[in-house]
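# Overview (structure and organization)
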Amino acid sequence: MRIMGFPGLYIQGEGLLETLGEHISPFGKRPFIISDPRVWGLYGSAVSQTVPSFTYSSFGGEISPEEIQRQIANAQGSGCDMAVGIGGGKVLDTAKAIKLHLNVPVVVVPTVASNDAATSRLIITYTEEGNFLGPLFLSTNPDAVIVDTKVIRQAPLRFLKSGIADALATYYEAEECYKSGAFNFFGGRQTLTAIRLAKLCQETVFATARKALSDIQNGVSSEEIEELVEAVVLLSGLGFEGCGVAAAHAISQGFTLLPELRGNLHGEEVAVGLIVQVLLEKRPTHELNALLSLYKDLGLPLSLKDLGLPNPSDEQLQTIARFACRQNSRIYNMSFPITEEEVVQCLKKGILLSNS
């Protein structure tokens, strides 16, 4: 059985936050808006001018079971008929959790393109301390995804770089899932559409990322920026969810166990996980070199050294590898067996690559 999901509506363009009320009105009249204080300080005034009646709730900083329950109680008390998340991936996932528990439509409005969470039905949860817990699942994808590329351009460039790394991993992991026969996040096999979209995501990133980042730094809008944002938010989201993830994500999740690696963005962690996956696969040298060249041009982290751990101990490496190779890990979506020792060795090779 082949399965794939899509958001009900995807809208991308410059200045959409200034007309947000128009775009969310088909989904309800009493929105419950979740955002973090920093983002709300930047865009709350614009939202207030375009959305006539809403309840605002401040995000607590981590998408933990405790925070989810707090926001559900706030939403119930507001009498809302829809949830709207405005911000980064954890805020968006918290808004999805409102839909999961209260069965109201959810609209997600990313203010950064730091990962591919926006279009998916996944809700990734953590402990209050920031340790990875696991996913929850909506029955369907978000009702609408609204991406204001003007807002994305104005965000710190680090966030988009993180999203680029997350998007880059999409096809490499999709290919392994397809070869191994692994199920995707819908519990089915990959559609031809999902595989092609994952490949298109990779091709678009390689074709546009360098110029798009340059254009953003120079303060200009361009078609390359629009295409890159679409790849990071839409193509990557559809690709990973419709195909599955593998070693890159499994290894990156192990980084959350080390206090020394706290503070890195999800995509930055996946960037390092992808290098480890490519090394595990023993891909041809020209493929590795093309990836390394793009990483260096964009300033993406290559190894644990770049994430803030230049000299990891064997115990720290083993902690990461043990978690990556735990029972039911996505690392077993790879098309060949992988051991903890192989993960450790490739983590070490990554550090050597970043030193070269």
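Refer to the preceding data block for the structure.
Residues numbered from 1 in each chain as written. Predicted model: local features only at pLDDT ≥ 70, side-chain atom pairs only at ≥ 80, totals over all residues. Heavy atoms only, no water.

Another aspect to go through is the pattern of salt bridges. Taken as a whole and judged by the stated rule, the model has 17 salt bridges. Measuring nitrogen to oxygen at the nearest pair gives 3.1 Å for the salt bridge that ties Lys-96 to Asp-93. Of this pair, Lys-96 and Asp-93 both sit in helix α4 (residues 89-102), three residues apart, which is roughly one turn of the helix. Note that Lys-211 and Asp-215 form a salt bridge whose closest N and O atoms lie 2.7 Å from each other. (Salt bridge = Lys/Arg side-chain N within 4 Å of Asp/Glu carboxyl O. Helix = DSSP H or I, 4+ residues; strand = E, 2+ residues; numbered from the N terminus.)

The element helix α9 (residues 247-255) is extensively covered by neighbouring structure, given that nine of its nine residues are classed as buried. The complete set of buried residues in α9 reads Ala-247, Ala-248, His-249, Ala-250, Ile-251, Ser-252, Gln-253, Gly-254 and Phe-255. Elements in contact with the buried residues of α9: β7 (132-137), α6 (157-180), α10 (266-281), α12 (304-307), α13 (314-324) and α14 (340-355). (Buried < 20%, exposed > 50% of the residue type's maximum accessible area, 1.4 Å probe, protein only. Contact = heavy atoms within 4.5 Å.)

Let us now look at the packing of aromatic side chains. Throughout the structure, instances matching the rule amount to five aromatic pairs. Note on Trp-40 and Phe-54: the rings are 5.8 Å apart at their centroids and 70 degrees apart in plane angle, and the pair reads as edge-to-face. Of this pair, Trp-40 sits in helix α2 (residues 37-50) while Phe-54 sits in the loop between α2 and β3 (55-58), and the two are 14 residues apart along the sequence. A centroid spacing of 6.4 Å and a plane angle of 90 degrees characterise the contact between Phe-132 and Phe-323, whose relative ring orientation is edge-to-face. In this pair, Phe-132 sits in strand β7 while Phe-323 sits in helix α13, placing the two residues 191 residues apart along the sequence. (Phe/Tyr/Trp six-rings, centres within 6.5 Å; stacked < 30°, edge-to-face > 60°.)

To continue, consider unusual backbone geometry. Positioned with a positive phi, Lys-282 is a non-glycine residue whose angle comes to about 55 degrees. On the secondary structure map, Lys-282 appears in the loop between α10 and α11 (285-298). Residue classification places Lys-282 among the exposed residues on the basis of a relative accessible area of 69%.

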